[in-house]
Amino acid sequence: MERDRPQASGHAQRWKRTGSLAGYSRSSYIWALYKNIRAARTRIHLAQCPIFQQWPRAGASEGTKRRGNRQLSMAGSPDMAALEESFRKFAIYGDTKATGHEMNGKNWAKLCKDCKVMDGKGVTSTDVDIVFSKVKGKTARVISYEEFKKALEELAPKRFKGKSKEEAYESICQLVAGKEPAHIGVTKATTGGAVDRLTDTSKYTGSHKERFDETGKGKGKSGRENIVDNSGYVGAYKNAGTYDAKVKK
């Protein structure tokens, strides 16, 4: 058993100092043994915890500690799933063949615009294009989700200048998480004023009136051309085609 015991009790301190509990009663010995076994089990469980494994160890450099703290905060953030879902929605926007795993420069610029990452002051369209070229591969034209997060990390200090790097990154992720592409420029039908009057077929006159029936449905070719009727019936006769049926009876 290890000599390194918790400092909570006098028994534990004696064990750490001398390695023995001579002179103590049996109950005190068992109690000290129980507390040290429980502390050892706690350390084992912590060592097996995924979040604990990301925590920077003693003696690590400052850069390693910052990365570990950032990964720890990102692992516990509830917005990471929403951020990835937003990336997928913008990645497939306007491209039926897109898989959602990669995003092109056009959709990256749209994401930055729709999610208010570009504010026209700290982050401009030029900054967005430069960051995209920086994080993507040399010959690639698209970025992956990991490269997308790096791009947000590059833009975060410019977008939120008064915050630390970690706080700025979290804030810019909140701008994007849960957002969808905005459908700008889609023409909607107008149903008021002059449009209603111009599309009311009951008010049509002349040859235009003949192109629609009483319900307003178009007659097609028969409404546009004069089709000659060679059936032998008078034009206003309503029982056309009933003679054969009467004879057979």
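Along every chain, residues carry numbers that run from 1 in the direction the sequence is written. Only residues with pLDDT of at least 70 get local features here, since the model is predicted, and only at 80 or more are side-chain atom pairs given and counted; chain-wide, interface and lining totals rely on the full set of residues. Each side-chain value is worked out from all heavy atoms of the structure, with water and hydrogens disregarded.

Another aspect to go through is the overall build of the chain. Strands are runs of DSSP state E lasting at least 2 residues, helices are runs of H or I lasting at least 4, and numbering of each runs from the N terminus. Along the chain, the regular secondary structure elements total 12 helices and 2 strands. Ordering the α and β elements of the chain from the N terminus gives α-α-α-α-α-β-α-α-β-α-α-α-α-α. The buried label applies to any residue whose accessible area, calculated with a 1.4 Å probe on protein chains only, is under 20% of its type's maximum; exposed applies above 50%, and partly exposed to all values in between. The buried share of the chain, reckoned over its 249 residues, is 24%. Contacts are assigned to residue pairs that have any heavy atoms within 4.5 Å of one another. Taking the contacts inside the chain whose residues are at least 6 apart along the sequence as the reference set, 45% of them involve residues at least 24 apart.

Attention shifts here to the packing of aromatic side chains. When the centres of two rings from Phe, Tyr and Trp lie within 6.5 Å, Trp using its six-membered ring, the rings pair. Their planes under 30 degrees apart give stacked, over 60 give edge-to-face, and anything left gives tilted. Going through the model one piece at a time under the given rule, you end up with 4 aromatic pairs. Grouped by ring-pair contacts, the aromatic residues F87, W108, Y145 and F148 constitute a single cluster. Think of it as a cone above the ring: NZ of Lys or CZ of Arg counts as a charge over the ring if it is within 6 Å of the ring centre and within 35 degrees of the ring normal. A cation sits over an aromatic face here: R159 above F160, 5.1 Å from the ring centre.

Its identity as a non-glycine residue notwithstanding, K116 has a phi of 65°, on the positive side. The topology assignment puts K116 in the loop between α6 (105–114) and α7 (125–135).

Together, Y233, V234, Y237 and Y243 make up an exposed nonpolar region whose accessible area comes to about 460 Å². Of the residues examined, V234 reaches a relative accessible area of 64% and is grouped as exposed. Surface patches are defined over residues having more than 30% relative accessible area and no salt bridge, joining like charges when they lie within 9 Å and nonpolar side chains (Val, Leu, Ile, Met, Phe, Trp, Tyr) when within 5 Å. All accessibility values rest on the Shrake-Rupley procedure with a 1.4 Å probe; residue burial counts only the protein chains present in the view. One speaks of a salt bridge when a side-chain nitrogen belonging to Lys or Arg is within 4 Å of a carboxyl oxygen belonging to Asp or Glu.

The next thing to look at is the packing of α7 against helix α8 (residues 145–159). Between α7 and α8, whose axes approach to 9 Å, the crossing angle comes to 140°. By the angle between their axes, α7 is oblique relative to α8. The hand of the α7/α8 crossing is right-handed. Along its contact with α7, which presents D127, V131, K134 and V135, the element α8 presents E147, K150, A151, E154, L155 and K158. Just so you know the grouping, Ala, Val, Leu, Ile, Met, Phe, Trp, Tyr, Cys and Pro go in nonpolar, Asp, Glu, Lys and Arg go in charged, and all remaining residues, Gly too, go in polar. The residue makeup of the contact of α7 with α8, split by class, is 4 nonpolar, no polar and 6 charged. Only the stretch in contact is used when fitting a helix axis, every axis being a line fitted to C-alpha atoms; angles between N-to-C directions are given from 0 to 180 degrees. Here is the rule for angles: anything less than 35 degrees is roughly parallel, anything more than 145 is roughly antiparallel, 65 through 115 is roughly perpendicular, and the remaining ranges are oblique. For any pair of crossing helices, the crossing counts as left-handed if the nearer helix is rotated counterclockwise from the farther one by less than a right angle, and right-handed if it is rotated clockwise.

Attention shifts here to the confidence of the model for the chain. For every residue, the predictor states its confidence as a pLDDT score lying anywhere from 0 to 100. Averaged over all residues, the pLDDT of the chain is 74; the fraction at 70 or higher stands at 63%. Across residues 72–76, confidence stays below pLDDT 50; counting only partners more than four residues off in sequence or on other chains, it has 8 contacts.

Grouped together as the largest cluster of nonpolar side chains are 31 residues, with contacts concentrated most on L83, W108, L111 and F148. For this core, the elements supplying multiple residues, two or more each, are α5 (80–91), α6, α7, α8 and α9 (165–176). The element best represented in this core is α8, accounting for 6 residues. Think of a nonpolar core as a cluster: buried Ala, Val, Leu, Ile, Met, Phe, Trp, Tyr and Cys residues, connected wherever their side-chain atoms sit within 4.5 Å.

The next subject is α5. For a helix, the expected span equals 1.5 Å multiplied by the number of residues minus one. The end-to-end C-alpha distance of α5 is 16 Å, a good match for the 16 Å that 12 residues give at a rise of 1.5 Å each. Those residues of α5 that fall on the buried side of the exposure criterion are M80, L83, S86, F87, F90 and A91. Down the axis, α5 shows its buried residues gathered within 135° of arc, on one side only. The arc in question is traced by the directions running from the helix axis to the C-beta atoms.

Two cysteine sulfurs form a disulfide in these notes if their separation is within 2.5 Å. Scanning the model with the defined rule gives 0 disulfides in all. For the unlinked cysteine C112, the closest cysteine sulfur is that of C115, found at 7.8 Å.

Turning our eyes to something else, we now look at the side chain of D127. Counting through the fold element by element, D127 comes out in helix α7. Here D127 is in contact with G122, L155 and K158, once residues within four sequence places are set aside.

Inspection of every chain in the model, using the stated rule, returns 7 salt bridges. One salt bridge connects R159 with D119, and the closest N-O pair in it is separated by 4.0 Å. Linking R159 in helix α8 with D119 in the loop between α6 and α7, this pair joins segments that are 40 residues apart in sequence. For D119, a relative accessible area of 33% puts it in the partly exposed group. Its salt-bridge partner being K158, residue D127 comes within 3.7 Å of it at the nearest N-O pair.

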